[in-house]
2 protein chains.
Amino acid sequence: MTPPRDALSHDRVLQAALALADAHGLDALSMRRLGAELGVEAMSLYRHVASKEALLDAMVDAIVRGWIDEHDASITDWRARLAAVMHRAHDSLMARPWAVELVANRPSVGDGRLRYAETITTALLDAGFTAQLAHHGLHIVDGTIMGFTAQQARRPSAVALGDRVRELYDGALASEYPGITRTIREHHDHDEEYALMVDLVIEGLARLRDGRMPARTGVGADYAIARA
Amino acid sequence: MTPPRDALSHDRVLQAALALADAHGLDALSMRRLGAELGVEAMSLYRHVASKEALLDAMVDAIVRGWIDEHDASITDWRARLAAVMHRAHDSLMARPWAVELVANRPSVGDGRLRYAETITTALLDAGFTAQLAHHGLHIVDGTIMGFTAQQARRPSAVALGDRVRELYDGALASEYPGITRTIREHHDHDEEYALMVDLVIEGLARLRDGRMPARTGVGADYAIARA
DNA sequence: ACCTGAACACCGTTCAAGT
DNA sequence: ACCTGAACACCGTTCAAGT
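Residues numbered from 1 in each chain as written. Chains lettered and ligands numbered in written order. Predicted model: local features only at pLDDT ≥ 70, side-chain atom pairs only at ≥ 80, totals over all residues. Heavy atoms only, no water.

Engineer: Describe in detail the protein's contact with DNA strand C, supporting the description with residues and values.
Structural biologist: Of all residues adjacent to DNA strand C, which total 13 residues, the nearest are M43 of chain A together with M31, R32, Y46 and K52 of chain B. What you see for DNA strand C is that sugar and phosphate hold 49% of its atoms within 4 Å of the protein. Between S30 of chain B and DNA strand C, the recorded distance is 3.2 Å, taken from a side-chain N or O atom to a phosphate oxygen. When its residues are assigned to classes, the surface near DNA strand C shows five nonpolar, three polar and five charged. (Near = heavy atom within 4 Å. Polar contact = N/O pair within 3.5 Å; in protein donor to acceptor, adjacent residues only side chain to side chain. Nonpolar A, V, L, I, M, F, W, Y, C, P; charged D, E, K, R; others polar.)

Engineer: Quick rundown of the UniProt feature "DNA-binding region" (unreviewed entry) in chain A? Include the residues and the values.
Structural biologist: Taking the numbering used here, the UniProt-annotated feature "DNA-binding region" (unreviewed entry) corresponds to residues 30-49 of chain A. Annotated as 40% helix and 0% strand, the span residues 30-49 of chain A places its first and last C-alpha atoms 13 Å apart. (UniProt positions renumbered as here; feature names shortened; annotations may be inferred. Helix = DSSP H or I, 4+ residues; strand = E, 2+ residues; numbered from the N terminus.)

Engineer: I'd like a rundown of the environment of P214 of chain A, residues and numbers included.
Structural biologist: By the secondary structure assignment, P214 of chain A is in the segment after α10 (190-209). On a C-alpha basis, the gap between P214 of chain A and T76 of chain A in space is 28 Å, while along the polypeptide they are 138 residues apart. Once you skip the residues sitting within four places of it in the chain, P214 of chain A turns out to touch R79 and E203 of chain B. (Contact = heavy atoms within 4.5 Å.)

Engineer: Describe the UniProt feature "domain: HTH tetR-type" (unreviewed entry) in chain A, naming the residues involved and giving the relevant values.
Structural biologist: Mapped onto the present numbering, the UniProt feature "domain: HTH tetR-type" (unreviewed entry) falls on residues 7-67 of chain A. For residues 7-67 of chain A, the helix share is 61%, the strand share is 0%, and the end-to-end C-alpha distance is 29 Å.

Engineer: Please set out the interface of chain B and chain A residue by residue, giving values where relevant.
Structural biologist: Across the contact, 86 residues belong to chain B and 86 residues belong to chain A. In total, chain B and chain A occlude about 7700 Å² of area from one another, counting both sides; carbon and sulfur atoms represent 62% of this. Across the chain B-chain A interface, the total number found is six salt bridges. We note a salt bridge from R164 of chain B to D111 of chain A, for which the minimum N-O separation is 2.2 Å. Linking chain B with chain A are 24 residue pairs in polar contact (both at pLDDT 80 or more), by the criterion used here. (Buried area = accessible area lost by both parts, 1.4 Å probe. Salt bridge = Lys/Arg side-chain N within 4 Å of Asp/Glu carboxyl O.)

Engineer: Provide a residue-level description of the side chain of D61 of chain B, including the pertinent values.
Structural biologist: All names here are of chain B. With respect to the element layout, D61 can be found in helix α3 (residues 52-65). You can call D61 buried: its relative accessible area is 11%. Setting aside its immediate chain neighbours within four residues, D61 contacts G110, D111, G112 and R113. (Buried < 20%, exposed > 50% of the residue type's maximum accessible area, 1.4 Å probe, protein only.)

Engineer: With reference to specific residues and values, describe the pattern of salt bridges.
Structural biologist: Taken as a whole and assessed by the stated rule, the structure comprises 30 salt bridges over all chains. Residue E203 of chain B is joined to R79 of chain B by a salt bridge in which the shortest nitrogen-to-oxygen separation is 3.1 Å. Taken together, the positions of E203 of chain B in helix α10 (residues 190-209) and R79 of chain B in helix α4 (residues 78-95) put the pair 124 residues apart, joining distant regions of the chain. With relative accessibility at 6%, the residue E203 of chain B sits in the buried group. Residues joined by salt bridges that share partners form a network here, namely E53, D57 and R106 of chain A.

Engineer: Just give me the short version of the protein's contact with DNA strand D, but keep the residues and values in it.
Structural biologist: Not every one of the 13 residues close to DNA strand D is listed here, only the nearest: M31, R32, Y46 and K52 of chain A together with M43 of chain B. Counting only the atoms of DNA strand D within 4 Å of the protein, the fraction contributed by sugar and phosphate is 49%. Between a phosphate oxygen of DNA strand D and a main-chain N or O atom of K52 of chain A, the distance comes to 2.9 Å. Contact between DNA strand D and R47 of chain B: a phosphate oxygen at 3.1 Å from a side-chain N or O atom of the residue. Here the surface near DNA strand D is built from residues that sort into five nonpolar, three polar and five charged.

Engineer: If you had to explain the nonpolar core to someone new, which residues and values would you point to?
Structural biologist: Counting 148 residues, the largest nonpolar core has L34, M59 and L205 of chain A together with L34, M59 and L205 of chain B as its most contacted members. Beyond its immediate sequence surroundings of up to four residues, M59 of chain A is in contact with L14, A17, L18, A21, L29 and W98 of chain A. (Core = buried A, V, L, I, M, F, W, Y, C linked by side-chain atoms within 4.5 Å.)

Engineer: Give a description of the confidence of the model for chain A that names residues and reports values.
Structural biologist: Mean pLDDT over chain A works out to 88, with 89% of the residues at or above the 70 mark. Scored below 50 in pLDDT, residues 1-5 of chain A makes four contacts in the model with residues more than four places away or belonging to other chains. (pLDDT = per-residue confidence, 0-100.)

Engineer: I'd like a description of the layout of surface pockets, backed by residues and values.
Structural biologist: With a probe scaled to a water molecule rolled over the atoms, the places where space remains empty come into view. Counted as a void, the largest pocket has a volume near 1600 Å³. A class-by-class count of the residues in the lining of the largest pocket yields 22 nonpolar, eight polar and 13 charged. (1 Å grid on protein atoms, 1.4 Å probe; cavity = no way out; pocket = protein on both sides within 12 Å on 5 of 7 lines; lining within 4 Å. Points joined across faces, edges and corners; volume = space filled by probe spheres on them.)

See below:
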């Protein structure tokens, strides 16, 4: 009655979970099915992961760890150094779109996520950013990666469903949504658009560092009142 | 045997779902519990919503619809006009953090989401952006709102858990994560930081429109190779 | 000491049986 | 014709009963 495959381990469970989600989506990832995939009962998994939540956290951390490359530290141009991480993260997530919501919304902070944050923070500090601005910069870079990628990752399925969206393409809703109707058919390459956003953010960070940001457009309650 | 409360309706179900999630979080929102909250059995809800998925989509659309204010169209400064929507969206989501993952990840496109997209697109077109750049601009603005807000929304719970994070604050991990240790204690106001990001993005959009963007940092596979 | 089958307390949704 | 209780096919997780 020895197990039909090699002994389980935390890493084998983790890898099987990633493979299962890659193959059949995040919804298909249940403890029961994951167990079946590994040739064991679901309960055996609890010997290696504390809970499904802990497993999801481990998956997130493994993915984020993949965004780091020790090699990047040798890039002397801080813009290129930041761009390298941002593009690697984007590629990583677009390769497994199911992971975006996990990475974007789980508050857990594992070593992978810490090393990723450290990489960005160090790049900014090395570039002469103050501690305060490096802190903001980390959040700006992280927010950009996640927000933009989440949006691109969720778009294909929208087109697949697309009852309303098709009407937009056909121009049937032109009177109600003239702006979208005018722009929706524009050429649209995900990687190209992401690269544009990366450059926009990095240029913005450079301007922040150098004190070249314009006056505020308005903060907090101000925006309710037109200020033109 | 008349129902103990007023007759159900799609809107009453929707409002109850929002209230339940507000009170007890998204995990507490089950059809059974939602029914109980309305004094009916879970199955009665299916008379007014096609499925739980459809209900979640309706919740998203109701929330996003709240980001629009007809008043904004009269703001002549396009920067202020964009900033108004971006700040309203942020406030709306920070008031119900459970909604961020829903809004950020659901691919459904309802009328609320369309009107929100139309507002941003029109603001950009009116400001002289080309159709192509307005299209990119919508994605840039939307990605910024969602990415940044998701990040801020997930942070409080991280601090609550915070085994590793506390060590960072204490400086115990200074040798492993020197950059984060140096920056983590910086003063940090969510609204202030978001306003910074909004201004950074709007300034970036203005520069895009005027053809003042710098040379690309690198796209696609290029980033794997140091280009400094 | 270790493992796991059955069980518990849930899900979303279906549908036949009731009125 | 309308409504809904019971049922189905799942969940994550516990724990006592087995070896």
